[in-house]
Structure formats: structure tokens, C-alpha cells
Amino acid sequence: MSHLNPKPKDHPLIVNGILSGLYNELIECKKCPRIVGFREKIAKEKRKQYLNWNYWGKPIPGYGDINARILLVGLAPAAHGGNRTARVFTGDKSADFLIDSLYAAGLTNQPHSTSLDDGLIMNDIFMTPILKCVPPQDKPKAEELNNCSNYFQTELKFLKNVKIILALGKIGFDGCLKYFQTKYDIKKKDFPFGHNVNYHMPDKKILWGCYHPSPRNVNTGRMNKDMMLNVLNRIKKKL
Ligand code: SF4
């Protein structure tokens, strides 16, 4: 395969495994007209430094260890990251920060995540976005989050060993809460989002909030590597 031209056959979780049925359906999804138009426009126009790429330009599946106890939930693929490379947290600044932190915590085999064929292996952690396509300005509408929620709920059904859900950013955190609200009579106001704040949910999973490692949060000092590592190490201790 050439990583410059990612295809469904190159993504291990689309080709094989318990999530492949779901992911084959996901990558054909066109439920949100605004988002479909946006993701395809980005893929066509490209960023100057990636003109030699054939962008993925479709919804992106999750990636990692399907037997993991930690599920990491992001917001959405980055326009020139996952939307280009076909893999969540791959090929953008948030990915550089996050994967380097996961490596320092012993959760990946390497500190970088750049393309489908870069050899990244995740240990006891699986990552997925709450919204499977890139939205304009990284701001999904409520109806788009609703449209997409079924995919996340189905992923959780298959990821049977998950004990801790680490949600990066409030939108991802609220999406996870929504999943619990479909199953249990709980109120959102009882679970406010906070950095390094965690809650025991009715099914004994722990929902853990964390600031998103977006360039905006990192560049303004709201988020840094020590904070991320502190979260990851606390989670590892809790397992
Ligand atoms: S955001 Fe989700 S529901 Fe909307 S088009 Fe993408 S995959 Fe489909």
C-alpha cells in the first residue's frame, strides 16, 4: 500500500475483526449533508504540504486494541489529519501531542502516528472520535452528533473489556454521557465536565474528563504534557 493513497483495504479494522461489519457500513455514511460536503471539499482542495496525498475524505473508524480496558474518545477527525490519513489521531498536531503522551505512559509502541502503515500498536487502549467525520470549524451541530451517536454506541457494545472511558474535551465527554443516558436514568447536570475529573457510572465503567490536546489548548497553556501524563498515570493506577 501507499500511505499517500489510503484505501479501505489498508485499514486493519475495516478489513478484519469484530468491528469490520460496523466500519464497512460507517465509511459509506452520508447522513449529514453539511458535513459530507465539507469533508469532501477538504479532500479535494488539500493543504499545500499534502498535495501528493489522495485524501481519505470519508468517515473514520476507531483504531487500537479491541480488547482494551481504556477507551479514548476524541471529538472528530482533523481536516488534514484523520480526514487525510484514514486513521483517528493520525497526521495532525493533536495526534503528535497525544501519541507522544501515550507512548510515555507505555500505551503505544512508538511516539508518533503519521499514516496507516507507520506501525503504530496500541496496548490496552482503543481510540475513536465521537463524531466520525470532520465538521466545519470543528463545531458539529446537535443533529449531526445525534445522527452519528449510533456508531459510537455500537462500538461500545463490541468493546467488551472497556473499564475506563477517557473523553478528550467537553463535546466528546457529553457524547459519552449521552450513551449512558440511553441506558440509565441519569441527569447530565450531575456529571459536569472537568479536567481530570472522573465519575463512576451505573454499569461500573468510569467516565474520565480531560482537556482536548488541540493546538489551541496546548498553545495557550491550558493543556500540557505533564497534565496529560498525570491523567494517563492515574487511569493506569485505577485499572
Ligand atoms: S458525521 Fe457521522 S452520521 Fe454524519 S455523515 Fe459522518 S459518519 Fe455519517
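One can find the structure itself at the top, above this paragraph.
Residues numbered from 1 in each chain as written. Predicted model: local features only at pLDDT ≥ 70, side-chain atom pairs only at ≥ 80, totals over all residues. Heavy atoms only, no water.

Caption draft 1: Main features of the packing of aromatic side chains. According to the stated counting rule, one finds six aromatic pairs in the structure shown. Taking the centre distance of 5.3 Å and the plane angle of 80° together, the rings of Phe191 and Tyr199 count as edge-to-face. For the pair shown, Phe191 and Tyr199 are each scored as buried. Members of the aromatic cluster, each reached through a chain of ring pairs, are Phe173, Phe191, Phe193, Tyr199 and Tyr211. (Phe/Tyr/Trp six-rings, centres within 6.5 Å; stacked < 30°, edge-to-face > 60°. Buried < 20%, exposed > 50% of the residue type's maximum accessible area, 1.4 Å probe, protein only.)

Caption draft 2: Local environment of the packing of helix α6 (residues 142–158) against helix α7 (residues 170–183). At a minimum axis distance of 10 Å, the contact between α6 and α7 shows a crossing angle of 70°. In terms of their interaxial angle, α6 and α7 are classed as roughly perpendicular. In the packing of α6 onto α7, the handedness of the crossing is right-handed. Contacts between α6 and α7 involve Leu145, Asn146, Phe152, Gln153 and Leu156 from the first element and Ile171, Gly175, Cys176, Lys178, Tyr179 and Thr182 from the second. A class-by-class count of the residues in the contact of α6 with α7 yields six nonpolar, four polar and one charged. (Axes fitted to C-alpha atoms, helices over the stretch in contact; angles between N-to-C directions. Helix = DSSP H or I, 4+ residues; strand = E, 2+ residues; numbered from the N terminus. Parallel < 35°, antiparallel > 145°, perpendicular 65-115°, else oblique. Left-handed = near helix turned anticlockwise from the far one by under 90°. Contact = heavy atoms within 4.5 Å. Nonpolar A, V, L, I, M, F, W, Y, C, P; charged D, E, K, R; others polar.)

Caption draft 3: Region of the structure containing the site of the ligand. As a matter of local geometry, the ligand sits amid Leu26, Cys29, Lys31, Cys32, Arg39, Pro59, Leu131, Lys132, Cys133, Asn147 and Cys148. The cavity where the ligand resides is the largest cavity. Here the residues of the shell around the ligand sort into seven nonpolar, one polar and three charged. (Near = heavy atom within 4 Å. 1 Å grid on protein atoms, 1.4 Å probe; cavity = no way out; pocket = protein on both sides within 12 Å on 5 of 7 lines; lining within 4 Å. Sits in = over half its atoms within 2 Å of the grid points.)

Caption draft 4: How the structure looks around the packing of helix α5 (residues 93–104) against helix α9 (residues 225–238). As a packed pair, α5 and α9 sit with axes 10 Å apart at the nearest point and diverge in direction by 50°. Relative to α9, α5 is oriented oblique. In this structure, α5 crosses over α9, and the sense of that crossing is right-handed. Mapping the contact onto sequence places Phe97, Leu98, Asp100, Ser101, Leu102 and Ala104 in α5 and Lys225, Met228, Leu229 and Leu232 in α9. The residue inventory of the contact of α5 with α9, partitioned by class, reads seven nonpolar, one polar and two charged.

Remember, this is a structural readout, not a statement about activity or role.
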